[in-house]
Structure formats: C-alpha cells, structure tokens
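Chain residues, written in single-letter form:
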Amino acid sequence: MKKLILTLALFASTLAVSAQDCCQQPAGNAVIDNIMTRTSIRRFKQQPVESGKVDTLLRAAMAAPTAVNKQPWHFVVVDDAQVLNQLAGQGRRGDMLRNAPLAIVVCGDMSKAMEGKGQEYWIQDTSAATENLLLAAHAMGLGAVWTGQWPMEDRYPVTQQVLQLPQHIVPLCTVVIGYPDEQPAPKDKWKPENVSYNRFGGSR
C-alpha cells in the first residue's frame, strides 16, 4: 500500500512539473516570433527552391480565410528564368525578379468570386493568402517580398500577357521568393498612436 501511495505521489509531482513547464513555454511563441521577425528580402542566392517547399507555400496560402469560403484565387508558380525575365520589366522590382529563382503570382479568380459588391472581397481573400505565403516562406528559411500588381495599369496587364492569363484571372501581386542573400533587420512597426479603444481616439 505504501509503495502504491509513493508511486501515485511521484506521478502527481511529475504532472505538476510538466504543467509548470507548459505555462513557462506558452503555446504559440514560435508563431509570434515568426510574425515579428519576418521582413522583406530583395536579394537572393542562386539556389533553386525545392518543390516540396513550393507545395508547402501553396498549401499555406490556400489555408487563408475567405469570404463565405469562396476561395477566389489562382496561383501561378514561375521558376523558369526566361519567364521571370519577361515579368521583370524595369526598376528595382525587375532586378529582384531577374535574380530570383522563383516567383508566385497570386491572382483573383473572378469566376469564383462573390456577385455584386461582394465581388471585391477577392482582394481581401487573396491578400490573406499572400500573407500566409510570406510567413510560411520565412518559417522555412526562405526570403520573400510582396510586389504589387493590381490595380496598377502599368503592371498587371504585362503579367496577364506574359502568363497568358484569361480575362477572369486578375493578378493581385507577385511574391518573389528565394534563399536570402541579405539579412535586413525587421522593422519595429508598433505605434500606440495607431490604436483606439471603443471609439476613435479612445484610450484604454
């Protein structure tokens, strides 16, 4: 009987220590760290991104929330150097695309979007997917940068033409991806003045 009591006491002590450790290491820290340390990467090594990681990026993107679960998106993966060069154009964005091994063009699929005014939710849905993609890239040791397309008329028509997109597929942005060849410090964007409580200008 004494042996049983000692065994139960030892078991209870072990559970208490485990619970204490759990409280000291709150769940979700890795997720918060990933969000806080992500930053835009614009210089990449000449190293291809593995197909398994590309699949993970796409799965992460498609895990994003969408209005009434319409999922009005389409993703074009570009890993051909010639096509990347055609997409590049001029300026800083062009330099990034020409030197990167991979880009994913995040598009809205108007054939899957809501009707009426709700159609414009495709922009929010594909933006959420893009942020998921960026965070997944960072979590896997990749670098990425979001370059806007829609609604800039000097950008998205070129992308539509190069990628032979049908009329109902609209490119929201191009995410340039690769293994980082730079290590910029993440920006601290926390500004308390950008927060109100209960009403505009309300304090806590």
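Every value quoted in this text rests on a predicted model; they were computed, and no experiment measured them.

J.: Can you walk me through the packing of aromatic side chains in this structure?
T.: Here the distance between the centres and the angle between the planes together describe a pair of aromatic rings. In total, this model carries three aromatic pairs according to the counting rule given. With a centroid separation of 5.9 Å and an interplanar angle of 65 degrees, the aromatic rings of Trp122 and Trp150 are classed as edge-to-face. Pair noted here: Trp122 is in helix α6 (residues 121–139) and Trp150 is in the loop between β3 (143–148) and α7 (156–162), with a separation of 28 residues, a long-range link. In this structure Trp150 comes out as partly exposed when scored by relative accessible area, which is 31%. Relative to Tyr156, the ring of Trp150 has its centre 4.9 Å away and its plane inclined at 50 degrees; by these criteria the two rings are tilted. For Tyr156, a relative accessible area of 15% gives the class buried. Grouping aromatic residues by their ring pairs yields a cluster made of Trp122, Trp150 and Tyr156.

J.: Would you mind going over unusual backbone geometry with me for this structure?
T.: A negative phi angle is the norm for most residues apart from glycine, just as the trans form is the norm for most peptide bonds. Residue Pro151 follows Trp150 across a cis peptide bond; omega there is 5 degrees. Of note in the backbone geometry, Asn69 takes a positive phi value of approximately 55 degrees without being a glycine. Relative to the assigned elements, Asn69 resides in the loop between α3 (51–62) and β1 (73–78). Its relative accessible area of 54% is what places Asn69 among the exposed residues. Its identity is not glycine, yet Gln164 carries a phi of approximately 55 degrees, on the positive side. For Gln164, the location among the structural elements is in the loop between α7 and β4 (169–178).

J.: What am I meant to see in the pattern of salt bridges here?
T.: When their charged atoms lie close together, side chains carrying opposite charge are able to pair. Overall, the coordinates contain two salt bridges when judged by the stated rule. Residue Asp95 pairs with Arg98 through a salt bridge whose shortest N-O separation is 3.2 Å. Here Asp95 and its partner Arg98 are both found in helix α5 (residues 91–99), three residues apart, which amounts to about one turn of the helix. For Asp95, a relative accessible area of 43% translates into the label partly exposed. Lys112 serves as the salt-bridge partner of Asp109, at 3.9 Å between the closest nitrogen and oxygen.

J.: Got a minute to help me understand the packing of helix α2 (residues 29–37) against α6 in this structure?
T.: Think of two packed helices as two axes; the pair is described by the angle between the axes and how far apart they sit. Contact geometry of α2 with α6 gives a least axis separation of 10 Å together with a crossing angle of 105 degrees. The orientation of α2 with respect to α6, classified from their angle, is roughly perpendicular. On α6, the residues touching Asn34, Ile35 and Thr37 of α2 are Leu135, His138 and Ala139.

J.: Help me understand the sheet that holds β1 in this model?
T.: The strands making up a sheet are joined through hydrogen bonds of the backbone, oriented either antiparallel or parallel. Ordered in space as β1-β2-β4-β3, the four strands form an open sheet in which the pairing is antiparallel. Two strands in the sheet have a free side with no partner beyond their single neighbour: β1 and β3. Taken pair by pair, the neighbouring strands of this sheet meet at an average axis angle of 25 degrees, ignoring direction. Alignment of β1 against strand β2 (residues 102–109), held across six bridges, turns out to be antiparallel. The partner of Val76 across the bridge, within β2, is Val105.

J.: Sorry, what's going on with the nonpolar core here?
T.: Side chains of a nonpolar character, in soluble globular proteins, are inclined to be buried together. By size, the foremost hydrophobic cluster in this structure holds 29 residues, and its most contacted members are Leu57, Phe75, Ile104, Leu133, Leu142, Val175 and Ile177. Broken down by secondary-structure element, the contributors of at least two residues to this core are α3, β1, β2, α6 and β4. Dropping the residues within four chain positions of it, Leu142 is found in contact with Val49, Lys53, Leu57, Ala137, Ile177, Gly178, Tyr179 and Pro180. Counting 18 residues, the second-largest nonpolar core is a separate cluster that includes Val76, Ala100, Val105 and Val176.

About the thresholds
- Residues numbered from 1 in each chain as written.
- Predicted model: local features only at pLDDT ≥ 70, side-chain atom pairs only at ≥ 80, totals over all residues.
- Heavy atoms only, no water.
- Phe/Tyr/Trp six-rings, centres within 6.5 Å; stacked < 30°, edge-to-face > 60°.
- Helix = DSSP H or I, 4+ residues; strand = E, 2+ residues; numbered from the N terminus.
- Buried < 20%, exposed > 50% of the residue type's maximum accessible area, 1.4 Å probe, protein only.
- Salt bridge = Lys/Arg side-chain N within 4 Å of Asp/Glu carboxyl O.
- Axes fitted to C-alpha atoms, helices over the stretch in contact; angles between N-to-C directions.
- Parallel < 35°, antiparallel > 145°, perpendicular 65-115°, else oblique.
- Contact = heavy atoms within 4.5 Å.
- Pairing = 2+ DSSP bridges.
- Core = buried A, V, L, I, M, F, W, Y, C linked by side-chain atoms within 4.5 Å.

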